[in-house]
Amino acid sequence: MQPFDYRDGQLFAEGVSLPALAERFGTPTYVYSRAHIEAQYRAYADALAGMEHLVCFAVKANSNLGVLNVLARLGAGFDIVSRGELERVLAAGGTPAKIVFSGVGKSRDDMRRALEVGVHCFNVESDVELERLQEVAAELGVKAPVSLRVNPDVDAQTHPYISTGLKENKFGISIDIAEAVYARAAELPNLEVVGVDCHIGSQLTQLEPFLDALERLLALVDRLAARGIAIKHLDLGGGLGVRYRDEQPPLAGDYIAAVRERLAGRELALVFEPGRSIVANAGVLLTRVEYLKHTEHKDFAVIDAAMNDLIRPALYQAWMDIVPVQPRAGEARPYDLVGPICETGDFLGKDRELVLAEGDLLAVRSAGAYGFVMSSNYNTRGRAAEVLVDGEQAHLVRRRETVEELYAGESLLPN
Ligand code: LLP
């Protein structure tokens with residue numbers, strides 16, 4: 001299913017035209033498709049049918065309450081990395097017992113709150129975190145369910161900033177010492193070892209790195225069993241890539257089938273933490289051309305969305321497709337699509353062959369993951385609105401920030 005498609009010369013989000021949304025909500029605006037989010041989630045859940053599993057949406061990819069609520073209604077679990085994400089999931093109707101808590105820097109406060117609500121598991125990233133979790137759980141008089149996030153040292157073959165499974169990364173516990181750390185966890189009275197976890201990187205477009213990691217994890221599970229430490233679930237993290245341009249990432253169903261094949265005969269439950277593959281292609285960033293600025297060297301389209309709205313092109317040199325909402329006839333020119341921010345790095349695309357006029361609407365595709373969530377108020381720009389389309393209906397799930405809100409928490413010096 002194509003969530004964003006042309007009909008009668010206009011780009012639609014499901015049953016609603018993007019010009020109608022621009023008219024109603026202004027620009028820049030993030031637009032998400034409920035149907036696409038649901039279909040992507042179901043691809044995971046359906047492939048896992050018949051075995052114990054959790055599909056924990058990685059909240060960092062898109063933490064809008066409306067989006068989380070769509071997933072919670074389907075019975076999704078959630079992967080969180082902060083107290084803030086925990087509260088969002090609860091506010092969106094998520095079930096605490098389906099939450100896994102990842103992240104290298106959990107504070108005591110984070111741990112306390114997660115223990116109070118009763119999360120499914122803590123994915124512990126270091127020996128020192130393990131000791132702290134024991135202390136906090138003891139203070140509360142409870143047992144904390146734990147997995148160790150193991151670093152299997154496989155090359156995810158992705159952008160260095162989003163590759164996390166190599167020895168030199170800050171994440172996880174080296175697989176070489178994991179057994180010893182598990183032995184320690186097993187003797188701590190307020191911890192209960194339940195799983196093994198890994199996450200090797202993001203935007204992976206091949207299965208091999210996932211399956212290499214899986215083999216190493218299974219070997220670890222066997223070594224732990226020999227020591228009398230029983231593992232109930234394997235958490236393989238997120239990381240499945242999407243198509244931004246011409247990538248051909250594996251489908252969730254094929255990935256899971258390959259994992260299930262290797263698990264045959266074992267009594268292990270499976271947990272996944274997909275983010276990007278659920279929401280990236282469920283979203284576009286809708287923006288309007290403010291100016292066409294032609295210079296001797298370049299043609300610039302100055303648009304009303306900027307790096308503060310969508311930082312992926314500037315931060316990762318990410319290529320994101322940018323299409324006209326109402327394509328017009330004429331001669332295409334190679335435009336650099338730049339925002340109003342005072343930085344040379346403020347671009348969303350370069351050398352894009354487009355036919356444009358001032359006031360035209362553009363859609364930046366595949367912007368549903370790591371889009372709004374990474375936005376900032378740089379240059380005192382309010383963050384964009386977010387709209388969730390459901391068939392013929394469009395719901396404003398986050399209103400545009402006003403200028404007054406941006407400095408509401410600040411104050412002048414006393415006289
Ligand atoms: N689990 C853990 C522990 C993670 O660190 C991440 C992502 C995920 C799951 C979800 O991974 P996904 O399925 O989305 O690949 N801002 C970057 C991506 C950073 C990913 C960080 N960790 C980007 O815009 O490409």
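Only a predicted model underlies this, so the values are computations on that prediction, with no experimental measurement involved.

1. Things to note about the overall build of the protein
If you tally the helices and strands in the protein, you get 12 helices and 21 strands. Against the 2.2 N^0.38 benchmark of 22 Å for 415 residues, the protein shows a C-alpha radius of gyration of 23 Å, consistent with a compact globule. Each of the three principal axes of the protein carries a C-alpha extent, and together these read 70 × 65 × 40 Å. Here the protein, with 415 residues, has 47% of them falling under the buried criterion.

2. Points about the environment of L140
Within the secondary structure, L140 is located in helix 6 (residues 127–140). Of the residues examined, L140 has 14 C-beta atoms within 10 Å and is grouped as partly exposed. Remark: the alpha-carbon pair of L140 and R216, spanning 76 residues in sequence, is separated by 35 Å. Setting aside residues up to four positions removed in sequence, L140 forms contacts with R112 and L115.

3. With respect to the domain arrangement of the protein
In terms of domain boundaries, the protein breaks down into domain 1 (4–32 + 280–406) and domain 2 (34–279). Taking the mean C-alpha position of each, domain 1 and domain 2 sit 32 Å from one another. Between domain 1 and domain 2, the residue contacts involve 24 residues of the former and 22 residues of the latter. Of the residues that constitute the side of domain 1 that touches domain 2, the class distribution is 14 nonpolar, 5 polar and 5 charged.

4. Things to note about the UniProt feature "active site" (unreviewed entry) in the protein
UniProt feature "active site" (unreviewed entry): in the numbering of this structure it lies at C342. Locating C342 in the fold gives a position in the loop between strand 17 (333–338) and strand 18 (347–354). Residue class for C342 comes out exposed when judged on the 9 C-beta atoms lying within 10 Å of it.

5. A word on the sheet that holds strand 1 (residues 4–7)
Spatially, 3 strands are ordered 1-2-3 in an open sheet, and the strand pairing comes out antiparallel. The strands lining the two open edges of the sheet, one partner per strand, are strand 1 and strand 3 (16–17). Pairing of strand 2 (residues 10–13) with strand 3 involves 2 bridges; the strand directions are antiparallel. Paired with A13 across the two strands is V16, which belongs to strand 3. Against the sheet, helix 1 (residues 18–25) contacts strand 2 and strand 3, and its axis sits at roughly 75° relative to strand 2.

6. A word on the site of the ligand
Near the ligand lie 20 residues; those nearest to it are S202, G238, G275, R276 and Y370. In terms of residue class, the shell around the ligand is made up of 7 nonpolar, 9 polar and 4 charged.

7. Some words on the nonpolar core
One finds L18, V31, L133, V146 and V364 to be the most contacted residues of the largest nonpolar core, which totals 119 residues. A total of 6 residues in this core trace back to one element, the largest contributor, which is helix 8 (residues 208–226). Each of domain 1 (4–32 + 280–406) and domain 2 (34–279) accounts for three or more of the residues forming this core. Discounting chain neighbours no more than four positions away, the residues touching V31 are A13, L18, L21, G283, V284, L286, V387 and V389.

8. Examining the packing of helix 7 (residues 175–187) against helix 8
Contact geometry for helix 7 and helix 8: axes closest at 11 Å, N-to-C directions at 30°. One way to sum up the angle between helix 7 and helix 8 is to call them roughly parallel. In the packing of helix 7 onto helix 8, the handedness of the crossing is right-handed. Side by side, helix 7 and helix 8 meet where I175, A178, E179 and Y182 of the first sit next to R216, L220, R223 and L224 of the second. Class assignment of the residues belonging to the contact of helix 7 with helix 8 gives a composition of 5 nonpolar, no polar and 3 charged.

9. Structural notes on the environment of F347
Within the element layout of this structure, F347 appears in strand 18. Residue F347 is classed as partly exposed on the basis of its 18 C-beta neighbours within 10 Å. For the pair formed by F347 and E187, sequence separation is 160 residues and the distance between their alpha carbons is 53 Å. Sequence-distant contacts of F347, defined by excluding residues within four places in its chain, comprise P313, A314, D336, L337 and V338.

Here is what the cut-offs are and how they apply
- Residues numbered from 1 in each chain as written.
- Predicted model: local features only at pLDDT ≥ 70, side-chain atom pairs only at ≥ 80, totals over all residues.
- Helix = DSSP H or I, 4+ residues; strand = E, 2+ residues; numbered from the N terminus.
- Rg over C-alpha atoms; globule rule 2.2 N^0.38 Å.
- Buried ≥ 20, exposed ≤ 12 C-beta atoms within 10 Å, placed from the backbone.
- Contact = placed C-beta atoms within 7 Å.
- Domains from an automatic or database assignment.
- Nonpolar A, V, L, I, M, F, W, Y, C, P; charged D, E, K, R; others polar.
- UniProt positions renumbered as here; feature names shortened; annotations may be inferred.
- Pairing = 2+ DSSP bridges.
- Axes fitted to C-alpha atoms, helices over the stretch in contact; angles between N-to-C directions.
- Near = placed C-beta within 6 Å.
- Core = buried A, V, L, I, M, F, W, Y, C linked by C-beta atoms within 7 Å.
- Parallel < 35°, antiparallel > 145°, perpendicular 65-115°, else oblique.
- Left-handed = near helix turned anticlockwise from the far one by under 90°.

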